[in-house]
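# Descriptive structure summary
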Amino acid sequence: MIKPNKPLFTLGLFLTFFLLSGCDYVVLDPKGPVAEEQKNLILYSIIFMIFIILVVYALFFIIVVKYRERKDKLDYEPPQKEGSKLLETIWTIIPIIIVIALSIPTVKAIYTIEKPKDESQEPLVINATSVDWKWVFSYPEQNIETVNYIKIPAGRPVLFKLTSADSMASFWVPALGGQKYAMAGMENKLYLEAHEPGVFDGRNANFTGEGFAHQTFKVTAQTKEDFEKWVNESKQTAPPLTQDQYDQLMLQGPADVMTFSSTHLQWVDHAREQDYALRVREKLGQLPKGTVDRKKNEDIPLSYMGSYKSEQSGHEYQSHSGSH
C-alpha cells in the first residue's frame, strides 16, 4: 500500500482551494491609477518575498544535504567555533537591505496616491458620510446628495472627504483603490479615479454591527457628457432634502437608493459635529442599546430601545451599541 505524501497532499489541497475558491481578485485588476499603483506594490512585494523564500529554502537544502551525518563518519565531531564576524555581519546587513528594498517603494507609493495623478485637473469633490448602515454622498459643487450610490466622470480625479455620523467605518472601492477610515468628528481625504466607464462595487470594510453586510454601494464611472447629463437631471427631477428626511437617515438600519437636489451640509458637517446622530436618536427615541445618557451619565434602560425592520430587505434589526 502506497503511503500518502503529506507535504504534497497539503500543497495540492491548498492549490485546489486557491484555484477553485471562486474569489474575484479585483485588487489585481485595477480600474484606476490609485489601484494600479497599489497593485504594482503588492506584486513587487510578493515577488520579492518569494525570492527570499526560495533563497532560504535553497540554503536550507544545501546545508541539510552537505552537512548531514554520514555512515562512514559517525564518529566525526565538527570543530567548535565561537562565532564569525563575517557571517554575523552578513546576516545583519541582509535584513537591513530587505527592509530598505520594501520600504522605499512603499513610501513612494503612499506619497503618490495621496494626490491626484493629474494635478492639472480640478478634482470632483464628494463628501462621503457613513451612517449605520448606509452611505450618504454629498456633491457640494453640484448641490446633489445620494444615498448608497455614486456617479463620477471617468478620467477625472475624485476627492472623497470621509467622515462618519456614528461608528468608525472604512470606505473601500477595491477596483479603484485601497480603503481609508471614516470617523465621527474628523475628516480623511482619499483621491480615487476611474480609467474608463464602468460599474464598481464599494462597501464598508470595517465591521460595525449586525447590519454591516448591507452597508454597500455602487460606483458608476461615466463619460463627462453622461455625468453632466445626470447632474442636470438630478437637479431638475430629484426632490430637495429636508432636515426631517436626513434625521431619519441617522437611525440605524439599511436604506434604499435615494437622490436629492440639495445636501445635508447646510445643517451639519459630521466632521465638526460628531454627536449630531446621537442627538437625533435621543430626540426620536431610537438610541442604541448601552448608549450612555449624556445628562445623567448612566446607561439608558433596555426598555427604551426598540427594534426596526428594513424596508429594503425585510430584516429586523435590534438596536445595538456600535463603535461610538
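Structure: above.
Residues numbered from 1 in each chain as written. Predicted model: local features only at pLDDT ≥ 70, side-chain atom pairs only at ≥ 80, totals over all residues. Heavy atoms only, no water.

### Some thoughts on the overall build of the protein
The test is simple: Elements are defined by DSSP. Helices are runs of H or I of four residues or more, strands are runs of E of two residues or more, and each kind is numbered from the N terminus. Classification of residues uses two cut-offs on accessible area relative to the type maximum, computed with a 1.4 Å probe and protein chains only: under 20% is buried, over 50% is exposed, and between them is partly exposed. When checking whether two residues touch, look at their non-hydrogen atoms; a contact exists if any pair is within 4.5 Å. Calculation of accessible area relied on Shrake-Rupley with a 1.4 Å probe; when residues are assessed, cover is drawn exclusively from the protein chains displayed.
Within the protein one finds 6 helices and 13 strands. Residues classed as buried in the protein amount to 38% of the 324 residues present. The contacts of the protein with a sequence gap of at least 6 include a subset with a gap of at least 24, amounting to 66%. Summed over all atoms, the accessible surface of the protein reaches about 20200 Å², with 60% contributed by carbon and sulfur.

### Some words on the pairing of strand β8 (residues 188–192)
Rule in force here: We call two strands paired when DSSP finds no fewer than two bridges between them.
When you tally the buried positions in β8, you get 4 out of 5 residues, the bulk of the element. Judged from the 5 bridges that link them, strand β5 (residues 158–164) and β8 form a sheet pairing that is antiparallel. Counted as the bridge partner of Phe160 is Leu190 from β8.

### Considerations on a nonpolar patch on the surface
Here is the rule: A patch is a set of surface residues, each over 30% in relative accessible area and not in a salt bridge, joined within 9 Å for like charges and within 5 Å for the nonpolar side chains Val, Leu, Ile, Met, Phe, Trp and Tyr. What makes a salt bridge here is a side-chain nitrogen of Lys or Arg within 4 Å of a carboxyl oxygen of Asp or Glu, nothing more.
Side chains of Phe51, Ile53, Val55, Tyr57, Leu59, Phe60, Phe61, Ile62, Ile63, Val64, Val65 and Tyr67 sit close together on the surface and give an oily, nonpolar patch of about 1300 Å² of accessible area. Mapped onto the secondary structure, Val64 falls in helix α2 (residues 33–66). For Val64, a relative accessible area of 41% puts it in the partly exposed group.

### Overview of the packing of aromatic side chains
Going by this rule: Working definition: a ring pair exists when centres of Phe, Tyr or Trp rings (six-membered ring for Trp) sit within 6.5 Å. Plane angles under 30 degrees give stacked, over 60 give edge-to-face, the rest tilted.
Applying the stated criterion across every chain, the model contains 13 aromatic pairs. The interplanar angle of 70° and the centroid separation of 5.8 Å between the aromatic rings of Trp135 and Phe217 together place this pair among those described as edge-to-face. You can see Trp135 sitting in strand β2 (residues 134–139) and its partner Phe217 sitting in strand β10 (residues 216–222), a full 82 residues away along the chain. You can call Phe217 buried: its relative accessible area is 3%. When the ring of Tyr246 is compared with that of Tyr276, the centres are 6.4 Å apart and the planes differ by 35°; the resulting orientation is tilted. Here Tyr246 is found in helix α5 (residues 243–249), whereas its partner Tyr276 is found in helix α6 (residues 276–284), with 30 residues between them in sequence.

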